[in-house]
Amino acid sequence: MSECFSLAIGVGTQNTAGDWLEVYYPQPLLNPEEELVKVISDQLGYSGGNQAIELAAGQCAALAEALNAGGFADAAALVTSLQGGSRPLVVTVLATDEAPVSTPEAYLKLHLLSHRLVKPHGVVLAGIFPLLPNVAWTNQGAIDINELPQRQLDARLQGQALNVLSVDKFPCMTDYVVPSGVRIANTARVRLGAYVGEGTTVMHEGFINFNAGTAGTSMVEGRISAGVFVGKGSDLGGGCSTMGTLSGGGNIVISIGEGCLIGANAGIGIPLGDRCTIEAGLYITAGIKVALLDDADNLVEVVKARDLANQTDLLFRRNSQTGSIECKTNKSAIQLNEILHAHN
């Protein structure tokens, strides 16, 4: 077998028609060993390409035995533990990193991100939305929207509580994986597919979308939109926002460098380099006019904010007398609180 991009053994939920609603992969692998892929191929008839193979009842024991014989004890133990439940099992193999074509493939790619095996923009997610059914996420698991009324009635007749926690295409990340060294005050605000770096704190109003996140040691009290990646040591103040490619940023990839501060209720629509600061309440969009100032606060020229994209050591502020937006070299960049970044 040739080199494989990813492989995972999972357990999921299907509706009554047999359509996948979600899949949980406890131990997804990036670039799995060639021999492991061969064992899967021999046992399950995998012949290459990207494929999600649902396991029949009689295949689990044989697969576990073959994995043990091949020296893959962890994978064998996983298959053995998963087959003890009533949920359907699936083995998903991605020979190459191409756009997913099935729900199990889509969920594997989201797992790769949240397990920190790939970073945002490090995996192809084109066309993922139609593959993620809108699901009622409940205390009894994922439920098809069309089947929810009957399930609610059944629960009441049995004296059970069926709580609908959300109705969404994306589940809560921590229902699938809790990365090491993080604090998340409100787990519902971090979606599966988020990349939450070591040392990150996400406060109650912080939000991280899929294919977005932090490299580490960040305090997130604002919104990290889809596609946005925040460098180490950067903080997002309360109520601030980042413009992702899904929310009006077009094809501009928004990112934040290291050691930056986005002030409370501020926002960005351009990528920032390292050690940049956005004044509280100031939203910088790509087309906004910015007055560049020298060290003596004299006007040098007026440019569009997009011309300052990815530059370092910038301080963006609003002139309190004229209302104009100004930018200065931020050579005395703020020193972020080391205590906040050393607790995990």
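None of the values given here were measured: they were computed from a predicted structure. (Residues numbered from 1 in each chain as written. Predicted model: local features only at pLDDT ≥ 70, side-chain atom pairs only at ≥ 80, totals over all residues. Heavy atoms only, no water.)

Colleague: Can you help me understand the packing of aromatic side chains in this one?
Modeller: Aromatic ring pairs are described here by two measures, namely the spacing of the ring centres and the angle between the planes. If you walk through the whole model with that rule in mind, you get six aromatic pairs. For the ring pair Tyr107 and Tyr176, a centre distance of 6.2 Å and an interplane angle of 40° mean the geometry is tilted. You can see Tyr107 sitting in helix 4 (residues 103-114) and its partner Tyr176 sitting in the loop between strand 8 (164-168) and strand 9 (183-184), a full 69 residues away along the chain. Accessibility assignment for this pair places Tyr107 and Tyr176 in one class, buried. Where Tyr195 meets Phe229, the ring centres are 5.6 Å apart and the plane angle is 85°; that geometry is what we call edge-to-face. Taken together, the positions of Tyr195 in strand 10 (residues 195-196) and Phe229 in strand 16 (residues 229-230) put the pair 34 residues apart, joining distant regions of the chain. Just as Tyr195 is buried, Phe229 falls in that class too. (Phe/Tyr/Trp six-rings, centres within 6.5 Å; stacked < 30°, edge-to-face > 60°. Helix = DSSP H or I, 4+ residues; strand = E, 2+ residues; numbered from the N terminus. Buried < 20%, exposed > 50% of the residue type's maximum accessible area, 1.4 Å probe, protein only.)

Colleague: Explanation requested: the pairing of strand 1 (residues 6-14) in the structure shown.
Modeller: One face of the sheet, then the other: side chains in a regular strand alternate in exactly this way. In terms of burial, strand 1 is largely enclosed, as eight of its nine residues are buried. Both strand 1 and strand 5 (residues 89-94) contribute to a ladder of six bridges, which runs antiparallel. Bridging across to strand 5, Ile9 finds its partner in Val91. Where strand 1 and strand 3 (residues 29-30) come together, two bridges link them in antiparallel fashion. (Pairing = 2+ DSSP bridges.)

Colleague: How do you make sense of the UniProt feature "binding site: Mg(2+)" (unreviewed entry) in the protein chain when you look at a structure like this?
Modeller: Feature annotation in UniProt assigns "binding site: Mg(2+)" (unreviewed entry) to the following positions: Glu205. The topology assignment puts Glu205 in the loop between strand 11 (201-202) and strand 12 (207-208). Of the residues examined, Glu205 reaches a relative accessible area of 57% and is grouped as exposed. In this structure Glu205 touches Arg189, Glu221 and Gly222, once residues within four positions along its chain are discounted. (UniProt positions renumbered as here; feature names shortened; annotations may be inferred. Contact = heavy atoms within 4.5 Å.)

Colleague: What is the right way to read the packing of helix 2 (residues 59-69) against helix 3 (residues 73-82) from this model?
Modeller: Two measures define how a pair of helices packs: the angle their axes make with one another and the distance between the axes. Contact pair helix 2 / helix 3: the axes reach a minimum separation of 7 Å and the direction vectors enclose 165°. Looking at the two axes, helix 2 sits roughly antiparallel to helix 3. Crossing hand, helix 2 versus helix 3: left-handed. Across the interface between the two elements, Cys60, Leu63, Ala64, Leu67 and Asn68 from helix 2 touch Ala73, Ala75, Ala76, Val79 and Thr80 from helix 3. (Axes fitted to C-alpha atoms, helices over the stretch in contact; angles between N-to-C directions. Parallel < 35°, antiparallel > 145°, perpendicular 65-115°, else oblique. Left-handed = near helix turned anticlockwise from the far one by under 90°.)

Colleague: Mind showing me how you'd approach the side chain of Thr13 here?
Modeller: Position of Thr13 relative to the elements: it lies in strand 1. A residue is classified by how much of its surface remains accessible, and Thr13, at 6% relative accessible area, is buried. Looking at Thr13, its side chain comes within polar contact range of the side chain of Glu22, at 2.5 Å. With near-sequence residues (within four places) excluded, Thr13 lies in contact with Asp19, Trp20, Leu21, Glu22, Arg87 and Ala142. (Polar contact = N/O pair within 3.5 Å; in protein donor to acceptor, adjacent residues only side chain to side chain.)

Colleague: Before we go on, may I ask you to explain the pairing of strand 25 (residues 299-304) in this structure?
Modeller: Where strand 24 (residues 289-293) and strand 25 come together, five bridges link them in antiparallel fashion. Across the sheet, the residue bridging to Lys289 is Lys304, located in strand 25. Between strand 24 and strand 25, which follow one another and run antiparallel, lie five residues, and Asp297 among them has a positive phi close to 65°.

Colleague: What exactly am I supposed to notice about the sheet that holds strand 8 here?
Modeller: Backbone-to-backbone hydrogen bonds join strands into a sheet, with any given pair of strands oriented parallel or antiparallel. On the basis of which strands lie adjacent, the open sheet formed by three strands has the order 7-6-8 and antiparallel pairing. Of all strands in the sheet, those bounded by a partner on one side alone are strand 7 (141-144) and strand 8. Strand-to-strand twist of the sheet, defined as the mean angle between neighbouring strand axes without regard to direction, takes the value 30°. By the bridge criterion, four bridges tie strand 6 (residues 135-138) to strand 8 in an arrangement that is antiparallel. When the bridges of strand 8 are listed, Thr138 appears paired with Val164. Against the sheet, helix 5 (residues 148-157) engages strand 6, strand 7 and strand 8, with an angle of about 125° to strand 7.

Colleague: What am I meant to see in a nonpolar patch on the surface here?
Modeller: Judged by side-chain polarity, Ile145, Val164 and Val167 come together as a nonpolar surface patch covering roughly 200 Å² of accessible area. Considering the arrangement of structural elements, one finds Val164 in strand 8. (Patch = residues over 30% accessible without salt bridge, like charges linked within 9 Å, V, L, I, M, F, W, Y side chains within 5 Å. Areas by Shrake-Rupley, 256 points an atom, 1.4 Å probe, with all protein chains shown as cover. Salt bridge = Lys/Arg side-chain N within 4 Å of Asp/Glu carboxyl O.)

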